[in-house]
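A structural walkthrough
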Amino acid sequence: MKVMKFGGTSVGKPERMHQISELITSDDEAKIVVLSALSGTTNALVEISTCLASNTRTAASQRIDTLEAHYKQFINDLLKTDEAKQKALQVIGEHFEFLNIILKISYSEALNKDILAQGELMSTKLFSAYLSEKGIEHELLPALEFMQIDSFEEPLIGNIKVKLTQLLKNHKDKKLFITQGYICRNSKGEVDNLKRGGSDYTASLIAAAISASVCEIWTDIDGMHNNDPRVVDRTIAIEQMSFDEAAELAYFGAKILHPASIWPAQQFNIPVKLLNTMQPDARGTLIVEEAGSVGVKAIAAKDGIVAIKIKSSRMLLAYGFLRKVFEVFEKFRTPIDMITTSEVAVSLTIDNKDNLEAILHELEAFGTVEVDDNQTIVSIVGNEIVQTPQVMMHLFDSISDIPVRMVSYGGSKHNITLLIPAKYKKQTLQVLNKGLFNL
Ligand code: ADP
Ligand code: ASP
Ligand code: MG
């Protein structure tokens, strides 16, 4: 059995849904197809929710109407028969009815999650309606019945496996299953989600739960590129990379994959393929245990980073200092991404600013604390790159004009990380593209 996940642009137009129905029926293997919301929908739902939170209900209502008009047109173009159109309009109408009802309810975080879930619920129902009209036998599996996270927002893979296996057993006669990406239930049983871009994570978790033959991520580009195509003009697709390399790139900003989406597949050694819905014959990127080749694979950048420096003469020749510093971050459940130390100071970075004030307050007990906001992490990822002297030479030659704030080297053989002020991101990615890839 395999998993095929289609992202927002891959389901965002009626003709794309027509096309993916061909892709999922092109061979006999049983499949679970994971769908995102139609492109733009989750952003629209975030806006609706934000309007509600700030009590600007007229603006929320207008946005709901605009979104509903878009879905009505979509249904008209997606389906052929009046009967199918009427049925779909009624199904989608219920979701808009829900959105209009919540306009009258006071905002809460749980309500926000309910709002955000509407996109995937609607895209899967529309696709199912289209498959039914075409006479393609399938079963819609509600993700809310098997996708679960715990109180720390970590997926409960054991529970997911048990519940999903049972659901599949109930439909032994079927070979094609459709389900929602992104949405799940939390430890309180409420509707929740796996964070933005989370459908990739859903796909990988399902692939792990059913020991899939492959986890295919179908998107709008022909695989993982060597640099961020949104920032740099000339980038090329990478044929093969290791789970470690892909995980590093995803975590450090390669938007093509959700930051956490590699570990479930890696843990169960399930190959991940990144493929282009618009160009299904393109080779794409294969992600497996082996890196495939030695050398630099790709560069990724992650914005919104805060650098914190703690300087203290008490650190000199002292032990236990770093432990105390780390305990503060642990207490506030804030991951540290980069760290560099000198004998009297330590600099580290975080991207979660939720508890920044409280963290800084506690760190002040250990010495002078300085904060640099608006930083960007640039991660250079590849196989054995740290042992390749030429890589280091080209890397540092290329960035001679960039005011680098931190460098992390030697943490692993496969990664060199730089911290730069955000305004130098484009320039840094461009000079590295030339210096490391000659592109
Ligand atoms: P989907 O909606 O299918 O999940 P996303 O927009 O989340 O698609 O991810 C695909 C996008 O990721 C591409 O269109 C591209 O702009 C962006 N991207 C960023 N970094 C990379 C990279 N290194 N390789 C490929 N795509 C990347
Ligand atoms: N629809 C969600 C989002 O836009 C999840 C996803 O597309 O992966 O973030
Ligand atoms: Mg995505």
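As the structure is a prediction and not an experimental result, all values here were calculated from the model.

Here helix 7 (residues 157-169) crosses helix 8 (residues 199-209) at 70°, and the two axes come no closer than 9 Å. By the angle between their axes, helix 7 is roughly perpendicular relative to helix 8. Between helix 7 and helix 8 lies a crossing whose hand is right-handed. Across the interface between the two elements, Ile157, Ile160, Lys161 and Leu164 from helix 7 touch Leu205, Ile206, Ala208 and Ala209 from helix 8. When the residues that make up the contact of helix 7 with helix 8 are grouped by side-chain class, the tally is seven nonpolar, no polar and one charged.

This brings us to helix 8. The buried fraction of helix 8 amounts to 11 of the 11 residues, a majority that puts the element mostly inside the structure. Turning to helix 8, its buried residues number three or more, namely Ser199, Asp200, Tyr201, Thr202, Ala203, Ser204, Leu205, Ile206, Ala207, Ala208 and Ala209. Backbone geometry just downstream of helix 8 places Ser211 in the positive-phi region, at approximately 45°.

Our next topic: the site of ligand 2. The full set of residues close to ligand 2 is Ser36, Ala37, Thr42, Glu120, Tyr182, Arg196, Gly197, Gly198 and Ser199. Glu120 places a polar side-chain atom, nitrogen or oxygen, 2.6 Å from a nitrogen atom of ligand 2. In the complex, the protein chains occlude 86% of the 260 Å² of accessible area that ligand 2 would expose alone. By residue class, the composition of the shell around ligand 2 is two nonpolar, five polar and two charged.

The next point concerns the side chain of Asn226. Mapped onto the elements of the fold, Asn226 is located in the loop between strand 7 (215-219) and strand 8 (240-242). A polar atom in the side chain of Asn226 sits 2.8 Å from the backbone nitrogen of Ile236. Look past the residues within four positions of Asn226 in its chain and what remains in contact with it is Arg234, Thr235, Ile236, Ile238, Lys297, Ala298, Ile299, Asn433, Phe437 and Leu439.

On the surface, a nonpolar cluster with roughly 210 Å² of combined accessible area is contributed by Leu322, Phe326 and Ile339. Along the chain, Leu322 falls in helix 11 (residues 321-331).

For helix 13 (residues 389-398), the full list of buried residues reads Val391, Met392, Leu395 and Ser398. Buried residues in helix 13, looked at end-on, bunch into an arc of 140°, giving them a common side. Looking at helix 13, the residues exposed on the side facing more than 90 degrees away from the buried face are Pro389, Gln390 and Asp397.

Okay, the nonpolar core next. In this structure, Phe6 and Leu257 are the most contacted members of the largest nonpolar core, which totals 93 residues. Top contributing element to this core by residue count: helix 6 (residues 109-134), with 10 residues. Discounting chain neighbours no more than four positions away, the residues touching Phe6 are Val11, Ile20, Leu23, Ile24, Val33, Val34, Leu35, Ser36, Trp218 and Thr277. Counting residues in hydrophobic clusters, the runner-up holds 21 residues, among them Val231, Leu395, Leu418 and Leu429.

The next point concerns the packing of helix 11 against helix 12 (residues 356-363). Where helix 11 contacts helix 12, the two axes come as close as 10 Å, and the packing angle between them is 155°. Classed by the angle they form, the pair helix 11 and helix 12 counts as roughly antiparallel. Considering how the two elements wind past one another, helix 11 and helix 12 form a crossing that is right-handed. Residues Val325, Val328, Phe329 and Lys331 of helix 11 form the contact with helix 12, whose own contacting residues are Ile359, Glu362 and Leu363.

Around ligand 1 lies a shell of 16 residues, among which Lys5, Thr219, Asp220, His225 and Lys255 are the nearest. In the model, an oxygen atom of ligand 1 is placed 2.7 Å from a nitrogen or oxygen of the Thr219 side chain. At 2.8 Å from an oxygen atom of ligand 1 is found a side-chain nitrogen or oxygen belonging to Asp220. Among the residues forming the shell around ligand 1, the class breakdown is five nonpolar, six polar and five charged.

Before going further, it helps to examine the pattern of salt bridges. Going through the model one piece at a time under the given rule, you end up with 22 salt bridges. Linking Lys2 and Asp27 is a salt bridge whose minimum nitrogen-to-oxygen distance equals 3.4 Å. With Lys2 in strand 1 (residues 2-6) and Asp27 in the loop between helix 2 (14-23) and strand 2 (31-35), this residue pair connects regions lying 25 residues apart in the sequence. Residue classification places Asp27 among the partly exposed positions, given a relative accessible area of 32%. Residue Lys195 pairs with Glu153 through a salt bridge whose shortest N-O separation is 2.7 Å. Taken together, the positions of Lys195 in the loop between strand 6 (191-193) and helix 8 and Glu153 in the loop between strand 3 (139-141) and helix 7 put the pair 42 residues apart, joining distant regions of the chain. In this structure Lys195 comes out as partly exposed when scored by relative accessible area, which is 45%.

Take the sheet that holds strand 10 (residues 285-288) next. With mixed pairing, the eight strands of this open sheet are ordered in space as 3-4-2-1-7-9-10-8. This sheet does not close on itself; its edge strands, each paired only once, are strand 3 and strand 8. For this sheet the average axis-to-axis angle between neighbouring strands, irrespective of direction, equals 20°. Note: strand 8 against strand 10, three bridges, orientation parallel. Residue pairing across strands places Ser242 opposite Val288, the latter belonging to strand 10. Those strands touched by helix 7 are strand 2, strand 3 and strand 4 (176-180), and its axis lies near 160° from that of strand 3.

Rules used in this analysis
Residues numbered from 1 in each chain as written. Chains lettered and ligands numbered in written order. Predicted model: local features only at pLDDT ≥ 70, side-chain atom pairs only at ≥ 80, totals over all residues. Heavy atoms only, no water. Axes fitted to C-alpha atoms, helices over the stretch in contact; angles between N-to-C directions. Helix = DSSP H or I, 4+ residues; strand = E, 2+ residues; numbered from the N terminus. Parallel < 35°, antiparallel > 145°, perpendicular 65-115°, else oblique. Left-handed = near helix turned anticlockwise from the far one by under 90°. Contact = heavy atoms within 4.5 Å. Nonpolar A, V, L, I, M, F, W, Y, C, P; charged D, E, K, R; others polar. Buried < 20%, exposed > 50% of the residue type's maximum accessible area, 1.4 Å probe, protein only. Near = heavy atom within 4 Å. Polar contact = N/O pair within 3.5 Å; in protein donor to acceptor, adjacent residues only side chain to side chain. Areas by Shrake-Rupley, 256 points an atom, 1.4 Å probe, with all protein chains shown as cover. Patch = residues over 30% accessible without salt bridge, like charges linked within 9 Å, V, L, I, M, F, W, Y side chains within 5 Å. Salt bridge = Lys/Arg side-chain N within 4 Å of Asp/Glu carboxyl O. Arc of directions from axis to C-beta. Core = buried A, V, L, I, M, F, W, Y, C linked by side-chain atoms within 4.5 Å. Pairing = 2+ DSSP bridges.

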